[in-house]
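Structural features, examined
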Amino acid sequence: MPTLALNDDLVLSVPQALAWKTLHDLTLIADSLPAGASLRTGDAPGAFALVLPGFEGRVLRLDLDAPSRMRLSFEGRGPRTGVVTGQAQLRLALLGDDCALLHVALVIQAEGETPSKVAGLQALRARLAAFAEAVGRRHPSDSPRPVIAPPKHWFQRLVDWYLGWFASIFNGTLYPLPKPGDQKPRSKR
């Protein structure tokens, strides 16, 4: 069975208590799903029905440790993927007065055809980013968003590499001196 695993962190610009509430807000989660998808409460407490394009499944909340950890299990079926099973663990940590860190650990197994691991991970990360955007739209924050530095030009990366290599020659990290215990004793003739 092909397996897809994701360990990723997501910074939410809301306090931890509010972030915990957003993990239980079905309309907010449904806003982050792709077009044609739906999420609604299931027949048992802690069960939810998930419908995605080409997939129908059931999500079950296994346990939770409010307001910091929740574990989910899901199973479903799709025409291309066949039977799909998996588990997810969501952990919230306090990152500041008005920021929370959401760590997502997810493992999915499918019996049939799956997208490549790269495409699958990109799709999962896109869903996490969509969730963060939905939280930002529903609960706007007054704090400024973090600024991501643009990538360096290729020539600057080359100069940085060369200077690092050149410096490692002189500080002894490129070709370190042998340690006294590493030398072999000479044989006597």
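Scroll up for the structure.
We now turn to the structure provided with this report. (Residues numbered from 1 in each chain as written. Predicted model: local features only at pLDDT ≥ 70, side-chain atom pairs only at ≥ 80, totals over all residues. Heavy atoms only, no water.)

Structural notes on the sheet that holds strand β6 (residues 82–96)
Rules: One bridge is not enough; two strands pair if DSSP finds at least two bridges between them. The numbering of helices and of strands both runs from the N terminus, where a helix is a DSSP run of H or I of at least 4 residues and a strand a run of E of at least 2. Comment: axis = line fitted to C-alpha atoms, over the contacting stretch for helices; angle = value between 0 and 180 degrees taken between N-to-C directions.
Taken in spatial order, the seven strands line up as β1-β7-β6-β5-β4-β3-β2 in an open sheet, and their pairing is antiparallel. Two strands close off the open sheet at either side, each with one partner strand: β1 (3–12) and β2 (38–41). Taken pair by pair, the neighbouring strands of this sheet meet at an average axis angle of 20 degrees, ignoring direction. Bridge count for strand β4 (residues 55–65) against strand β5 (residues 69–78) is nine bridges, and the pairing is antiparallel. By the bridge assignment for β5, Val 59 is matched with Phe 74.

Let's talk about the pattern of salt bridges
Operational definition: By salt bridge we mean one thing: a side-chain nitrogen of Lys or Arg within 4 Å of a carboxyl oxygen of Asp or Glu.
Enumeration over the complete set of coordinates arrives at seven salt bridges. Across the pair Asp 63 and Arg 69 runs a salt bridge whose closest N-O atoms are separated by 3.4 Å. Taken together, the shared-partner salt bridges in this structure form one network comprising Asp 25, Asp 31 and Arg 138.

A word on the packing of aromatic side chains
Formally: A pair of aromatic rings is counted whenever rings of Phe, Tyr or Trp (Trp by its six-membered ring) have centres within 6.5 Å, and the orientation is called stacked for planes under 30 degrees apart, edge-to-face for over 60 and tilted otherwise. Buried residues are those whose accessible area, probed at 1.4 Å on protein chains only, stays under 20% of the maximum for their type, while exposed residues exceed 50% and partly exposed ones sit between those limits.
Taken as a whole and judged by the stated rule, the model has four aromatic pairs. Where Trp 161 meets Trp 165, the ring centres are 6.3 Å apart and the plane angle is 15 degrees; that geometry is what we call stacked. Taken together, the residues Trp 161 and Trp 165, both in helix α4 (residues 154–171) and four residues apart, mark about one turn of the helix. Look at Trp 165 and you get partly exposed, because its relative accessible area is 35%. An aromatic cluster is built from Trp 161, Tyr 162, Trp 165 and Phe 166, whose rings are joined through pairwise contacts.

A look at the side chain of Gln 16
Defined as follows: Should any heavy atoms of two residues lie within 4.5 Å, those residues are considered in contact.
The residue Gln 16 is located in helix α1 (residues 16–22) in this model. The buried category is assigned to Gln 16, whose relative accessible area is 17%. Setting aside residues no more than four positions away along its own chain, Gln 16 makes contact with Pro 67, Ser 68, Leu 92, Ala 93, Leu 94 and Ala 100.

Worth remembering: the numbers are spatial, not functional.
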